[in-house]
Amino acid sequence: MKTLWILLALLPFNALQYLNNINGFAHQSYFKQQAYSDSKKPEETAEANRLVNTESYDIHLMNWCLFKASEEVRNRHHAKQLQFSEALRNAAMIHSNEMVIHSFYNHINAKNSQLKTPEQRLHLFGISNVEMAENVHKFPFENNGVSYINLARAIVKDFYDSPNHRKNLLNKNFNSIGCAALWEFDKKESYYFLKVTQCFARL
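No experiment lies behind these values; they were computed from the predicted model shown.

K.L.:
I'd like a description of the side chain of Asn109, backed by residues and values.
P.N.:
Mapped onto the fold, Asn109 is located in the loop between helix H5 (86–101) and helix H6 (118–123). The class for Asn109 is buried, based on a relative accessible area of 1%. In terms of polar contacts, Asn109 uses its side chain to reach the side chain of Glu98, at 2.8 Å. Polar contacts involving the side chain of Asn109 include one to the main-chain amide nitrogen of Asn112, which spans 3.3 Å.

K.L.:
Before we move on, could you go through the nonpolar core and cite the residues and values that matter?
P.N.:
Across soluble globular proteins, nonpolar side chains have a tendency to be buried as a group. In terms of nonpolar packing, the biggest core is built from 58 residues, with Met62, Leu66, Leu151, Ile155 and Leu194 touching the most fellow members. A per-element tally of this core places helix H4 (residues 59–76) first, with nine residues. Discounting residues that sit within four places of it in the chain, Met62 has contacts with Tyr57, Tyr148, Leu151, Ala152, Ile155 and Ala181.

K.L.:
So what about the packing of aromatic side chains? Which residues, and what values?
P.N.:
Two aromatic rings are characterised by how far apart their centres lie and by the angle between their planes. Following the criterion strictly, the structure yields 13 aromatic pairs and no others. Judged by centre distance (6.4 Å) and plane angle (85°), the ring pair of Phe67 and Phe84 falls under edge-to-face. A residue pair is termed long-range when its members are at least 10 positions apart, and Phe67 in helix H4 and Phe84 in strand E1 (residues 83–84) qualify at 17 residues. Between Phe174 and Phe200, the aromatic rings sit 5.8 Å apart at their centres with planes inclined by 20°, giving stacked as the arrangement. In this pair, Phe174 sits in the loop between helix H8 (163–170) and strand E3 (176–186) while Phe200 sits in strand E4 (residues 191–201), placing the two residues 26 residues apart along the sequence. According to the relative accessible area criterion, Phe174 is buried, its value standing at 4%. Judged by its relative accessible area of 0%, Phe200 is buried.

K.L.:
Report on the packing of helix H7 (residues 148–161) against H8, specifying residues and quantitative values.
P.N.:
Between H7 and H8, the shortest axis-to-axis distance is 5 Å and the interhelical angle comes to 110°. What the angle tells us is that H7 and H8 run roughly perpendicular. Between H7 and H8, the contacting residues are Val156, Phe159, Tyr160 and Asp161 on the first element and Pro163, His165, Arg166, Leu169 and Leu170 on the second. By residue class, the composition of the contact of H7 with H8 is six nonpolar, one polar and two charged.

K.L.:
Got a sec to walk through the environment of Gln33? Specific residues and values, please.
P.N.:
Looking at the element boundaries, Gln33 is found in the loop between helix H2 (15–20) and helix H3 (34–37). In this structure, the C-alpha to C-alpha distance between Gln33 and Arg74, residues 41 residues apart in sequence, is 21 Å. Residues contacting Gln33, with those up to four places away along its chain left out, are Phe84 and Glu86. Within the structure, Gln33 has its side chain in polar contact with the side chain of Glu86 (distance 3.4 Å).

K.L.:
Hey, could you go over the sheet that holds E4 for me, with residue numbers and the actual values?
P.N.:
Strand order across the open sheet formed by four strands is E1-E3-E4-E2, with mixed pairing between neighbours. The open sheet is flanked by E1 and strand E2 (132–141), the only strands paired with a single partner. Bridging between E3 and E4 involves 11 bridges; their strand directions are antiparallel. The residue bridging Ala180 from the neighbouring strand is Thr197, located in E4. Sitting on the sheet, H5 touches E1, E2, E3 and E4, and the angle it makes with E3 is about 20°.

The rules behind the values
- Throughout, a residue's number is its position along its own chain's written sequence, starting from 1.
- Per-residue local features are limited, in this predicted model, to residues with pLDDT of at least 70; the limit for side-chain atom pairs, both in listing and counting, is 80 or more; totals at the level of whole chains, interfaces and linings are taken over all residues.
- In computing side-chain values, all of the structure's heavy atoms are included and hydrogens and water are not.
- Comment: elements are numbered from the N terminus, with helices defined as DSSP H or I runs of at least four residues and strands as E runs of at least two.
- With a 1.4 Å probe rolled over the protein chains alone, any residue whose accessible area is under 20% of its type maximum counts as buried; one over 50% counts as exposed, and the rest are partly exposed.
- Polar contact is the term for a pair of N or O atoms within 3.5 Å; when the atoms are in protein, one must be able to donate a hydrogen and the other to accept it, and sequence-neighboring residues count only if both atoms are side-chain atoms.
- Among buried residues, the Ala, Val, Leu, Ile, Met, Phe, Trp, Tyr and Cys ones that are joined through side-chain atoms within 4.5 Å form a nonpolar core.
- Residues count as neighbours in contact if any of their non-hydrogen atoms are within 4.5 Å of one another.
- By convention, a stacked pair of Phe, Tyr or Trp rings (six-membered ring in the case of Trp) has centres within 6.5 Å and planes under 30 degrees apart, an edge-to-face pair has planes over 60 apart, and any other such pair is tilted.
- Lines fitted to C-alpha atoms define the axes here, with helix axes fitted over just the stretch in contact, and angles between the N-to-C directions of these axes take values from 0 to 180 degrees.
- Should an angle fall under 35 degrees it is taken as roughly parallel, and over 145 as roughly antiparallel, whereas 65 to 115 is taken as roughly perpendicular and any remaining angle as oblique.
- In the scheme used here, Gly and all other residues not listed as nonpolar or charged are polar, with Ala, Val, Leu, Ile, Met, Phe, Trp, Tyr, Cys and Pro taken as nonpolar and Asp, Glu, Lys and Arg as charged.
- In this analysis, strands are considered paired if DSSP registers two or more bridges between them.

Written out as structure tokens, the structure reads:
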């Protein structure tokens, strides 16, 4: 079994195939890419005000709401707006999924040597030798009638309230961001969590 694991780890990593195997990622949605180039605010978008349901979770809508919530915080602090990066979003998506399927919460992925560090994950999407940072969060969720945008704002507020995460969130050297969040059900605590990743870079 150990030999099989080593052989699998040595195979070339197909990032696109990996992403498309994440439940809901392959679904074509306005919020997968197009929404990022439009100027709509969450209040002007009916979907952002939909109530979150773990059984009918919209990955792309949540990721967009996290982007918009991050944008709102930077606006309040007069920091230059970050551009959406599909590559950074995809790297964040992979890490959030890895944290879910392997039940860990860390910047370092000890379960997959090809995805071990933030730099390795960005390299999968052609990003290397750049200034970058990563925020991760394990956000407890109560299904209490919260909208997508308000859930995103609560998550980003947690980032803001943490000095190290806030430093990344407001860093004026970064010009690009990608966010991703996926559910994990903790059987021990009988509770849902969102495993959230934000990737920042100067591209």
